[in-house]
There are 2 protein chains.
Amino acid sequence: MRQKRYILEEKEIPEKWYNIQADMKTKPMPLLNPQTRQPMRAEDLFPVFCEECSRQELNTTDSWIEIPEKVREMYTYYRSTPLVRAYGLEEALDTPAHIYFKNESVSPVGSHKLNSALAQAYYAKEEGLTNVTTETGAGQWGTALSYAARLFGLEAAVYQVKISYEQKPYRRSMMQVFGAQVTPSPSMSTRAGKDILTDCPTHQGSLGTAISEAVELARMTPGCKYTLGSVMSHVSLHQTIIGLEAEKQMEMAGEYPDVVVACFGGGSNFGGITFPFMRHTILEGRKTRYIAAEPASCPKLTKGKFEYDFGDEAGYTPLLPMFTLGHKFKPANIHAGGLRYHGAGVIVSQLLKDGLMEAADIRQLDSFEAGCLFAKAEGIVPAPESCHAIRATIDEALKCRESGEKKVILFNLTGHGMMDMSAYDQYLAGNLINYTI
Amino acid sequence: MRQKRYILEEKEIPEKWYNIQADMKTKPMPLLNPQTRQPMRAEDLFPVFCEECSRQELNTTDSWIEIPEKVREMYTYYRSTPLVRAYGLEEALDTPAHIYFKNESVSPVGSHKLNSALAQAYYAKEEGLTNVTTETGAGQWGTALSYAARLFGLEAAVYQVKISYEQKPYRRSMMQVFGAQVTPSPSMSTRAGKDILTDCPTHQGSLGTAISEAVELARMTPGCKYTLGSVMSHVSLHQTIIGLEAEKQMEMAGEYPDVVVACFGGGSNFGGITFPFMRHTILEGRKTRYIAAEPASCPKLTKGKFEYDFGDEAGYTPLLPMFTLGHKFKPANIHAGGLRYHGAGVIVSQLLKDGLMEAADIRQLDSFEAGCLFAKAEGIVPAPESCHAIRATIDEALKCRESGEKKVILFNLTGHGMMDMSAYDQYLAGNLINYTI
């Protein structure tokens, strides 16, 4: 009987993360202090981020960074995640391509976000902190951080975009089950929130506002720091566990990918699955294509500019050298909430500039069509974000049908859609539309 | 580093189900035709159930039944499921007991129901059928059948209890993503539904009504048969894949359970995990306790009578020899919808009568308290049904803390609660109550 899934024994789970910054021929440009426009050092990030995360953020020398034993132990609660051969999808498409996916949806919180949440919570605990804060939109990252904080005995305060807090109660409940304090943002609990509510009492919230509130709470609270679920280089670093496992698992399957695909919001799951393979492209010239599947309504990679910009709407963060639609850009209200971000992380921005990767723009209806096809073929209802990677994968597999090429395509299934079923409901009812800019 | 999870290689996944009926010293009493009160033969079940399932239902001679290769192939989409050592829970309880759980929540539909749905859909396809019908309450079984039907190219019609159809839209959406036709019951599409609606236009539906509609549709439609998600002996048979895997995995962990615990609705997940271990009790006298955790509000095992009763409210099924609260019993509106059933399958009823197993009654608030404790300790938010098994496990582990005994406890985590978060919401808000009878 043909093998469907490849799983590593616990002792085979990688013990180091891969830091692509050390191997990049052109290093990312520095983060700048918006006041002085001077490059920022790790210490400059300490007031907001954990010290170890700050150091990892700017580390351009060490290719491999040890995963702390306690984090590895917590990884074993759900890792290795399976590498799955998508026979069902191949048959549905009648393609000669071999399609594999890395199933990150099996984590207890339903997505890959936990890979970095566990690391960030661990470092916070090691630093002697008692509390962490963050923002969340639809709630995947907030759920992961709430869970990780609980495991390491930290209190978590999550600012959730108010409209999501009200419209997506399931992920809010899950954060609360894990014991987190969840506050709809904008709130009266911070200066930033009060100012916004005074100005506009019916404000529905945005990620920018929620970040401002979470950062402010971290700055004002002793023993408390801020955590972030994407964009930053240390988050991509933690996510490389995905690609490192996949590399070993592809070897078990006796194959190597010609194409690696991931959805793209800030870049952390994309970096997580592609960087370990890309090191062979950088160091050995191995020819592999890396495709970032971004929403056509938020096309920072294909239609953005490479320039220094803020990471948040309010302009509180350092200036980041990145492909951006501008930090005031208002993404359309697509259901893939995790992809509604104006910029790209500094590493992926540099890689795109250097021609090491490419991007595909996916329209909302095409993403859900792909998600439903995948669900029927493989049985897993994918998260709206993951549907973008599936669409790009299907497009590549259909090209193989035309050309007869037996390419090996690997994509990252970042999460399942069980808590996003209202989006599918609306898709099936014909109530969704495409947005483009 | 201590090992957390045990997973079988695909070639180690069992190739046969275990049929405990063949080894029982006292066989279950026969099913009776309600008109003639004569024992039913397999052929008498053919008009409603698939022929192979009907034969399995009454098979008291073959201990092992081959799992068809195509079903085994579909099992590899999510099996083996992990056997997990619950270190986090052990630490939270400060118990010397070793706690393991079989994590059936990792199936694509989030529960163990798929183990039988795949088998039933396969046999339907093999028999040349084109359609299957079923009923569902909260939707775990309906989702599993919709998925399985899709994989085998069958059309599925699911009658969902109307109040659940309206209150739990996520599982309905999931069935629709898999392409099933989902109808709120009672409906105007059947004689049974019409009669009920004529009598009471605002009827909210019940499992009994939905069964009647699904059976009627199967009887009236050429090429269509009915499927059921629990109670029947062939469903328990298919679920033994759980215990057979667990037996191998416990061996990998170098342990053998002193106590095996499962929640109890109709008995199929309970039988699934316990029967393979119980064969060693029956055949070799191995001393293991088997605990069925049923809701205190629906205590058929502890407060029911052993007698011939109907399997459905309307009295359409054969008469079954079982522990029952009476087929007109109206279970309280607890959130563990899968446990709201008046009777117990005929095999488990006989085993209870023979003293081979025991039962524990769990109150709703105690079940959710246990579920929240488990979520914080192990990271998985359990289904409300599974919370009952967790509560009974915790109670046993706490006894070990008192006595100092290092018992090995294994329980079945039937599903996750990601689509039941509104129940947790209400629990956390203090809006749930205990029901007893």
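Computed from a prediction, not measured in an experiment: that's the story for all the values here. (Residues numbered from 1 in each chain as written. Chains lettered and ligands numbered in written order. Predicted model: local features only at pLDDT ≥ 70, side-chain atom pairs only at ≥ 80, totals over all residues. Heavy atoms only, no water.)

1. Description of the interface of chain B and chain A
Put simply, an interface is often sized by how much accessible area is lost when its parts join up. On the chain A side, the residues contacting the 48 residues of chain B number 48 residues. Overall, the association of chain B and chain A removes approximately 4300 Å² of surface from exposure, summing both partners, and the carbon and sulfur fraction of that is 62%. Taken together, chain B and chain A are joined by four salt bridges. One salt bridge in this structure joins B:D425 and A:R172, with 3.3 Å as the shortest N-O distance. Taken together, the elements giving at least two residues each to the side of chain B that touches chain A come down to helix 3 (69-75), helix 4 (87-93), helix 6 (140-151), helix 8 (169-177), helix 15 (364-378) and helix 17 (421-428) of chain B. (Contact = heavy atoms within 4.5 Å. Buried area = accessible area lost by both parts, 1.4 Å probe. Salt bridge = Lys/Arg side-chain N within 4 Å of Asp/Glu carboxyl O. Helix = DSSP H or I, 4+ residues; strand = E, 2+ residues; numbered from the N terminus.)

2. Considerations on the packing of aromatic side chains
Under the defined criterion, the tally for this structure stands at 29 aromatic pairs over all chains. Pairing A:Y147 with A:F178 gives two aromatic rings, centres 5.4 Å apart and planes at 65 degrees, and the pair type is edge-to-face. Taken together, the residues span a long stretch of sequence, with A:Y147 in helix 6 (residues 140-151) and A:F178 in the loop between helix 8 (169-177) and strand 8 (181-185) at a distance of 31 residues. Assigned by exposure class, A:Y147 and A:F178 land together as buried. Judged by centre distance (5.2 Å) and plane angle (75 degrees), the rings of B:F101 and B:F374 are edge-to-face. Of this pair, B:F101 sits in strand 5 (residues 98-103) while B:F374 is found in helix 15, placing the two residues 273 residues apart along the sequence. Under the relative-accessibility criterion, B:F374 is labelled buried at 0%. Three or more aromatic residues joined by ring pairs form one cluster here, namely A:F101, A:F374 and A:F411. The ring of A:Y256 is capped by A:R286, whose NZ or CZ atom sits 3.6 Å from the centre of that ring. (Phe/Tyr/Trp six-rings, centres within 6.5 Å; stacked < 30°, edge-to-face > 60°. Buried < 20%, exposed > 50% of the residue type's maximum accessible area, 1.4 Å probe, protein only. Lys NZ or Arg CZ within 6 Å of the ring centre and 35° of its normal.)

3. Observations regarding the relation of the copies chain B and chain A
Overlaying chain B on chain A yields an RMSD of 0.0 Å, the required transformation being a rotation through 180 degrees with an accompanying axial translation of 0.0 Å. Such a combination of turn and shift is consistent with a two-fold rotation axis. In this assembly, 100% of the residues forming the interface of chain B have copies in chain A that are likewise at the interface, indicating an isologous arrangement. (Least-squares fit on C-alpha atoms with pLDDT ≥ 70 in both.)

4. Here we look at the sheet that holds strand 9 (residues 224-226) of chain B
Residues and elements named next belong to chain B. Reading across the sheet, the four strands line up as 8-7-6-9 and stay open at both edges, with parallel pairing between neighbours. Whereas interior strands pair on both sides, the edge strands pair on one side only; in this sheet they are strand 8 (181-185) and strand 9. The sheet shows a mean angle of 25 degrees between the axes of neighbouring strands, direction not considered. Both strand 7 (residues 155-161) and strand 8 contribute to a ladder of five bridges, which runs parallel. Each bridged residue has a counterpart across the sheet, and for A157 the counterpart in strand 8 is Q181. Lying over the sheet, helix 6 contacts strand 6 (131-136) and strand 7, oriented at roughly 165 degrees with respect to strand 6. (Pairing = 2+ DSSP bridges. Axes fitted to C-alpha atoms, helices over the stretch in contact; angles between N-to-C directions.)

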